[in-house]
Amino acid sequence: MKTIVIGAGEVGYHIAKFLSATHDVTVVEKDEDVARRADELDVQVLEGNGANADILASIIHDADILVAVTGFDEVNIVACMTAKLIIRSHPGWKETKTIARVSNPDYIDVPVTSRSQVGVDIMICPELALASEVAEVLSSPSAIDTEVFAGGKVQMMEFAIRPDSKLVGKQIQDLKLDDCCIVSAIFRKQEIVIPHGNDTINANDHIVVVGNPRALEELGRVFGDVEQHRNRILLIGCGIVGFYLAKLIDKDESVDLKIIEYKKNRCIEVAETLENALILNGDGTDVNLLREENIEDMDVVLAVTDNDEKNLLCSLLAKQMGAKKVIARADRPDYVPLFEMIGIDMAVSPREATVNEVLKLTMGKGIEKLTMLEGEKAEIIEYTTSRYSKIIGKSLEKVKFPKDALVTTIVHNDEIIIPRGDSVVREGDRVIVFALSSSVSAVEKYFK
């Protein structure tokens, strides 16, 4: 499969790096230094404007996917439009799917949408996708990550085991999960464990559970002390991500939201839009301000400024001063594991939505959803089986599934099935699989 990546910043570089192992990748970047960095990958690099018709015409004729992820919305949209016009003017050329990264709310108001009428098959707003992801986590107080599959019928939740948790030292089988839930993974320091019933839960483990959303909501009470009170949230930074997130949180009448924003003009803009939030003009690293706002009483602190280092400092201060849960934005991919390593509950990156959508397109037919976990060391993938899928018609115990992968859930019609050895996958079933990234290609063969 041939992929063209327009823009070699953090998002473009990461996509090119990931795909270069199995795909023919061409990167177009106009900045000489950025292009030089991309040239270190096993990809073809062209220096120039990715929206230039002559450049696109020279490389688009046999491309399967074009991904435009520069830092400029208009360049990304024009690149996709131009690519489509060039292809349509050459009958017989392969149809190329186009993806554009767009942040301006004038162009997009949902995380992922289609604008095929202007030549963009998939338009992604990473900032809004990140805000939606964080808002979903906030709706589950005891979880540090959550994702839904199979149209909302199946949910994944990740729980952190605190050192003082009553679960420390117990075995997985002691959790006594409902038949509609399964522990699919344990993240332990740098190790990923696909657990068995006799595996012991350690302090600071992250436990990933997949199953029925209602059952998981009840299970959340086992993993965390959920007090019944208004959720107190402090949001530091109200740029694009912060504003999207603030609007989502502000709709929840059970939340008391405070926002700290450094720019006075921005404070005024936000205050005119949000009805229920308290807007404070100040610096999120100001210890005196944090004390005045009783940060120790906060259920959640969100550090989502445009600066990774500032988010790190704000998060560490919040954690040290007693905030119960701290979530930080980290644009640089290598910062995500670092943030979590030093005690921040959850690090989130706007680029993940773009990367996941691109990977879903490049992995082939049958994939409905893909979510990367633990710094992209593991994935949860939702497949829809067809009559050609090699996994159908056999009991799972007879399928030679990779040892680093696990079928966590089968959705047959509207029935949620936690599979056993004698479970059989049928045509049209939705199958949710947890797998280490190294095993994904082997898993995919069973669903083609």
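Residues numbered from 1 in each chain as written. Predicted model: local features only at pLDDT ≥ 70, side-chain atom pairs only at ≥ 80, totals over all residues. Heavy atoms only, no water.

The terminal C-alpha atoms of helix α5 (residues 126-138) lie 18 Å apart, and with 13 residues this matches the ideal 18 Å at 1.5 Å per residue to within 8%. By the burial criterion, the buried members of α5 are Pro126, Glu127, Leu128, Ala129, Leu130, Ala131, Val134, Val137 and Leu138. (Helix = DSSP H or I, 4+ residues; strand = E, 2+ residues; numbered from the N terminus. Expected span 1.5 Å × (residues − 1). Buried < 20%, exposed > 50% of the residue type's maximum accessible area, 1.4 Å probe, protein only.)

UniProt records the feature "domain: RCK N-terminal" (unreviewed entry) at residues 1-124 and 230-348, using the numbering of this structure. Here residues 1-124 is 32% helix and 27% strand, with 22 Å between the C-alpha atoms at its ends. As a span, residues 230-348 carries 39% helix and 24% strand, and end to end its C-alpha atoms are 24 Å apart. (UniProt positions renumbered as here; feature names shortened; annotations may be inferred.)

Take the nonpolar core next. In this structure, Leu66, Leu257, Ile259, Leu302 and Ile327 are the most contacted members of the largest nonpolar core, which totals 49 residues. Taken domain by domain, this core gets at least three of its residues from each of domain 1 (2-124) and domain 2 (130-135 + 229-354). (Core = buried A, V, L, I, M, F, W, Y, C linked by side-chain atoms within 4.5 Å. Domains from an automatic or database assignment.)

Read across the sheet, five strands follow the order β19-β20-β23-β21-β22 without closing on themselves; strand pairing throughout is antiparallel. Each end of this open sheet is capped by a strand with a single partner; those strands are β19 (367-373) and β22 (415-417). Taking each pair of neighbouring strands and ignoring which way they run, the sheet shows an average axis angle of 15°. As paired elements, strand β20 (residues 378-384) and strand β23 (residues 430-436) share seven bridges and run antiparallel to each other. The residue bridging Ile380 from the neighbouring strand is Phe434, located in β23. (Pairing = 2+ DSSP bridges. Axes fitted to C-alpha atoms, helices over the stretch in contact; angles between N-to-C directions.)

Quick look at the packing of aromatic side chains now. Scanning the model with the defined rule gives three aromatic pairs in all. An angle of 5° between the planes, with centres 4.0 Å apart, marks the rings of Tyr383 and Phe447 as stacked. Of this pair, Tyr383 sits in strand β20 while Phe447 sits in the segment after α13 (440-444), and the two are 64 residues apart along the sequence. The same class applies to Tyr383 and to Phe447, which are both buried. (Phe/Tyr/Trp six-rings, centres within 6.5 Å; stacked < 30°, edge-to-face > 60°.)

This paragraph deals with the domain arrangement of the chain. Considered domain by domain, the chain is made up of domain 1 (2-124), domain 2 (130-135 + 229-354), domain 3 (141-223) and domain 4 (363-445). For domain 1 and domain 4, the distance between their C-alpha centres works out to 30 Å.

We now examine a negative patch on the surface. Among the surface-exposed residues, Asp31, Asp39, Glu40 and Glu47 lie close enough to one another that they form a single negatively charged patch. Exposure remark for Asp39: the relative accessible area of 49% places this residue in the partly exposed category. (Patch = residues over 30% accessible without salt bridge, like charges linked within 9 Å, V, L, I, M, F, W, Y side chains within 5 Å. Areas by Shrake-Rupley, 256 points an atom, 1.4 Å probe, with all protein chains shown as cover. Salt bridge = Lys/Arg side-chain N within 4 Å of Asp/Glu carboxyl O. Lys, Arg positive; Asp, Glu negative; His and termini not counted. Charge placed at Lys NZ, Arg CZ, Asp CG, Glu CD.)

A separate point is the pattern of salt bridges. Under the counting rule described, the total for this entry stands at 17 salt bridges. Ionic pairing is found between Arg266 and Glu269, a salt bridge with its closest N-O pair at 3.0 Å. Linking Arg266 with Glu269, this pair stays in helix α8 (residues 264-273), spanning three residues, or about one helical turn. We classify Arg266 as partly exposed; its relative accessible area is 23%. In this structure Glu269 comes out as partly exposed when scored by relative accessible area, which is 42%. Here Asp345 makes a salt bridge to Lys319, at a shortest N to O gap of 2.6 Å. Taken together, the positions of Asp345 in the loop between α11 (335-341) and β18 (346-348) and Lys319 in helix α10 (residues 308-320) put the pair 26 residues apart, joining distant regions of the chain. Taking relative accessible area as the criterion, Asp345 reaches 16% and is therefore assigned buried. Taking the relative accessible area as the measure of exposure, Lys319 reaches 30% and is therefore partly exposed.

Turning our eyes to something else, we now look at the state of the cysteines. Evaluation of the coordinates by the stated rule reveals zero disulfides. For Cys125, which is in no disulfide, the shortest distance to another cysteine sulfur is to Cys238 and amounts to 14 Å. Distance from the sulfur of Cys181, which forms no disulfide, to the nearest cysteine sulfur (Cys180) is 4.3 Å. (Disulfide = S-S within 2.5 Å.)

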